[in-house]
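Per-entry structural report
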Amino acid sequence: MTRYIIRRGLQSLLLMWVATIIGFTVYQLAPGGPLQFLDSDPKKTQADVERLQRLYGLDRSVPVQYMAWAFGEDWLPATPVWRSGRCLSDPDACVHGIIRLDFGRSFHYQGQSVIGLIVERMPATFLLAFSSLFLSVVIGIPLGIISALYRGRWPDNAIRIVTVLLNTVPEWWIGLLLLIILGGYFGLVPLGGMQTIGDGSFWDRLHHLVLPATVSAIGGWIGFSRILRFEMLDVLSQDYVRTAHAKGLAPKTVIIRHVLRNALMPFVTGLGGIFLLVLSGSVLFEIVFAWPGMGRLTIDAINSRDYPLMMALFVISSFLGILGLLMVDILYSVVDPRVSYETKVG
Amino acid sequence: MAERVLTLSQPQIKRNEPVPVAVQSYWGMVRRRLVRDKITMFALGLLIFMVVISLASPWIGTHLLGFDPTSTDLLSRNQPPTWATDAWPLFQSFTQSCQNNAHCDWAQWGHILQRAAAGIGQCFTNGAPCHWMGTDDAGRDVLTRGVYGGRISLRIGVWVAGVSMTLGVLMGLLSGYYATTFIDDIINAIIMTLGSIPLLFLLIILSRIFQPGPEGLAILIGAFGWMGLSRLIRGQIFSVREREYVIAARAIGTPSWRIMVRHVLPNVASIIIVSAVFNIAGAIIAEAGLSYLGVGIGPPLASWGNMMQGSLGNFTDAPWLVITPGIFIFLATLSIYLLGDGLRDALDPTL
């Protein structure tokens, strides 16, 4: 098992490296270059452009820029070919590279460190993501069990109809609608934000969290209840379930001890996908609910064409996704003794 | 020789006439099943209706609704529906009562409904065009834009399905046929990479950088939506490749591309069709999300997503900006989902 975890860890490192390449390539593809936002400024001069290029290290060749961005430029040879002008005049201002969690400086937020801006927003995103993950498990598991046990009868059909209806509109639209009705007209929930300004109490935060977490959990609980229904039906038709019934165990015991235990195993792998879904969806939900997290920062970065911030947000969210999947796989290998690690990789 | 099928009309057949022989082809069976399925037929009708009103939107806009989707009118910005002009202030005071003293003044609803009904009657009787669903933040008619929006949103849906199906089939066939070679490894690596990064972030950044038109946006969305189908097809090929008819075809020297196209592909046709249909619905929702965030289709073009973007600041004062495009999305994707569900059942020969 240790070998499996090590192999899976190395694979994740490789994926993270690929994510940095994708992020950097996107940055290079930008028409007009990263400093395109200057085009709309009538007062810019050629000297300004050159100064900014030197400041952000854009005066060097593309591979060197990647090396500096990913691995840091303080160890590169001290010549203008390798180091940016900022680095030559002030060695402390050098970028340390993604490898040391330094993503450079933001364009829009006037030279603030990008990683600082992101770390500031991370708790909000995590709070929303994990509470909706929690809610999707809490809602999804019972629904999956009910629809498997009552297969083809009205509870199953009702759950199915609700699922299809929820699938036919964007989830963030449901959020918007509920926000208008519950928040705007009945005043039951706040109209967005993470807390009332000046009031940071637990109940106030919870009050702000309820609607965003519930709505962004919709995709999750639909996914979970589907996986669980499928797995339960699969397990219910196994021989050992019939044996358990035949030897006179109470139906409740059979369901809880034999069926549910085995059906929940593959369910753990679903966690990774749903985590990714929630992370991805955070952009939309954070805009709808004015939630001050990474997704909102992404939209701000995009609207101000802040390329270093955009790249960093993409790379960090990818890292989070890759690490999430890695943790789920490790958890799975610990929980399920039947996984054969040697054949699973590949 | 095709098999004879006993039918109820058989006793009426005269001796010297040839006995009618029903050849039940696969697609004939599918068609018959679909026609019998009422929900699927309803879905098909709804979908055809949505497509027709989208295609006929210029005519509907000028003749039925009386508005142009792009003509702005800064004097009537964020106006409630014309028929609700009188009812809207009452509704607002009702919501005020809910907010302030926590118990709503439900008695007002009688007046609200009365005035709304009177407004609707007026809209029908006097000849002037009505804003049936209000106006947006530039004074454009919301319903007209919704009808026009179908042109963009449905087109993107179809394009995305085309792009992702092509990619999915191609990649699935390649990786299934060249399994355990480096081609399969490369495709698996791509799928794994795309499967472990939050694609919405990448889509947002790419569509902001390139600012594509409808087709470009569809290619972008489609380029990240083929992985599921590719995996499905790869798995199917694994189960098909050891069947007798494939081995027989190989034994008589059929080239491998021909085995792929003639023997393997028809076996996965139903999967491709069903996932294409679901893909259209997913693409409509994805486009709505991107356009809502302001990185997809930009105004003055109308799409169901960017119509909601105008509501960002004032959604409680102008809920029609949110509700109208949502209803259009709901009708379109509901019909597509139900159609896909029906197709899945009809295409499955084991049922």
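**A few points about the nonpolar core**
Counting residues in hydrophobic clusters, the biggest one holds 163 residues, and the most contacted among them are Ile118 and Trp172 of chain A together with Ile204 and Trp304 of chain B. Among the elements that take part in this core, helix H11 (residues 251-288) of chain A stands out by supplying 15 residues, more than any other. Beyond its immediate sequence surroundings of up to four residues, isoleucine 118 of chain A is in contact with Met294, Leu297, Leu309, Ala312, Leu313 and Ile316 of chain A. Counting 16 residues, the second largest nonpolar core, distinct from the first, contains Val240, Val246, Met260 and Ile272 of chain B.

**Quick notes on the domain arrangement of chain B**
Residues and elements named next belong to chain B. Structurally, chain B comprises domain 1 (37-70 + 135-346) and domain 2 (82-130). Using C-alpha coordinates to define each centre, domain 1 is positioned 39 Å away from domain 2. Listed per partner, the contact involves seven residues of domain 1 and four residues of domain 2. Across the domain 1/domain 2 interface, buried area totals approximately 340 Å², and carbon plus sulfur atoms make up 64% of it. On the domain 1 side of the interface with domain 2, the three residues burying the most area are Phe67, Asp317 and Trp320, jointly 60% of the side's total. Connecting domain 1 to domain 2 are zero salt bridges. Our count for the contact surface shared by domain 1 and domain 2 stands at zero residue pairs in polar contact (both at pLDDT 80 or more). Of the residues that constitute the side of domain 1 that touches domain 2, the class distribution is four nonpolar, one polar and two charged.

**Points about the interface of chain A and chain B**
Between chain A and chain B, the contact holds 50 residues from the first and 45 residues from the second. For the pair chain A and chain B, the summed buried surface comes to about 4200 Å²; carbon and sulfur atoms form 79% of the total. For the chain A face of the interface with chain B, the top three residues by lost area are Thr168, Trp173 and Tyr185 of chain A, together amounting to 15%. Remark: the boundary between chain A and chain B carries zero salt bridges. Scanning the region where chain A abuts chain B turns up four residue pairs in polar contact (both at pLDDT 80 or more).

**Section: the packing of aromatic side chains**
When we look at a pair of aromatic rings, we describe it by the centre distance and by the angle of the planes. Summed over all chains, the structure comprises 19 aromatic pairs over all chains. When the centroid spacing of 5.3 Å and the interplanar angle of 25 degrees are considered together, the rings of tryptophan 88 of chain B and phenylalanine 91 of chain B count as stacked. Taken as a pair, tryptophan 88 of chain B and phenylalanine 91 of chain B lie in helix H4 (residues 87-101) at a separation of three residues, close to a single helical turn. As far as burial versus exposure is concerned, tryptophan 88 of chain B and phenylalanine 91 of chain B are alike and both buried. Three or more aromatic residues joined by ring pairs make a cluster, and in this case those are Tyr185 and Phe186 of chain A together with Trp88, Phe91, Phe94, Trp109 and Trp320 of chain B.

**Here we look at the confidence of the model for chain A**
Detailed reading of the predicted model is not advised wherever pLDDT is low. All names here are of chain A. Of all residues in chain A, 96% attain a pLDDT of 70 or more, and the chain-wide mean is 84. Across chain A, helix H5 (residues 114-149) holds the top mean pLDDT of 90, while helix H14 (residues 341-344) sits lowest at 47. For residues 342-346, every residue scores under 50 in pLDDT, and the model assigns this stretch seven contacts once sequence neighbours within four places are set aside.

**Observations concerning the domain arrangement of chain A**
All names here are of chain A. Taken as a whole, chain A is organised into domain 1 (2-114) and domain 2 (117-335). Just the C-alpha atoms count here: the centres of domain 1 and domain 2 sit 35 Å apart. On the domain 2 side, the residues contacting the 28 residues of domain 1 number 25 residues. Taken over both partners, the interface formed by domain 1 and domain 2 buries close to 2400 Å², and the fraction arising from carbon and sulfur atoms is 75%. If you sort the residues of domain 1 by the area they bury against domain 2, Met16, Tyr109 and Val114 come out on top, with a joint share of 23%. Along the contact surface separating domain 1 from domain 2 lie one salt bridge. Measuring nitrogen to oxygen at the nearest pair gives 2.7 Å for the salt bridge that ties arginine 8 to aspartate 329. Put simply, domain 1 and domain 2 have seven residue pairs in polar contact (both at pLDDT 80 or more) between them. Broken down by element, the side of domain 1 that touches domain 2 gets its largest block of residues, 13 residues, from helix H1 (residues 2-29). Broken down by class, the residue content of the side of domain 1 that touches domain 2 amounts to 17 nonpolar, nine polar and two charged.

About the criteria used
Residues numbered from 1 in each chain as written. Chains lettered and ligands numbered in written order. Predicted model: local features only at pLDDT ≥ 70, side-chain atom pairs only at ≥ 80, totals over all residues. Heavy atoms only, no water. Core = buried A, V, L, I, M, F, W, Y, C linked by side-chain atoms within 4.5 Å. Buried < 20%, exposed > 50% of the residue type's maximum accessible area, 1.4 Å probe, protein only. Helix = DSSP H or I, 4+ residues; strand = E, 2+ residues; numbered from the N terminus. Contact = heavy atoms within 4.5 Å. Domains from an automatic or database assignment. Buried area = accessible area lost by both parts, 1.4 Å probe. Salt bridge = Lys/Arg side-chain N within 4 Å of Asp/Glu carboxyl O. Polar contact = N/O pair within 3.5 Å; in protein donor to acceptor, adjacent residues only side chain to side chain. Nonpolar A, V, L, I, M, F, W, Y, C, P; charged D, E, K, R; others polar. Phe/Tyr/Trp six-rings, centres within 6.5 Å; stacked < 30°, edge-to-face > 60°. pLDDT = per-residue confidence, 0-100.

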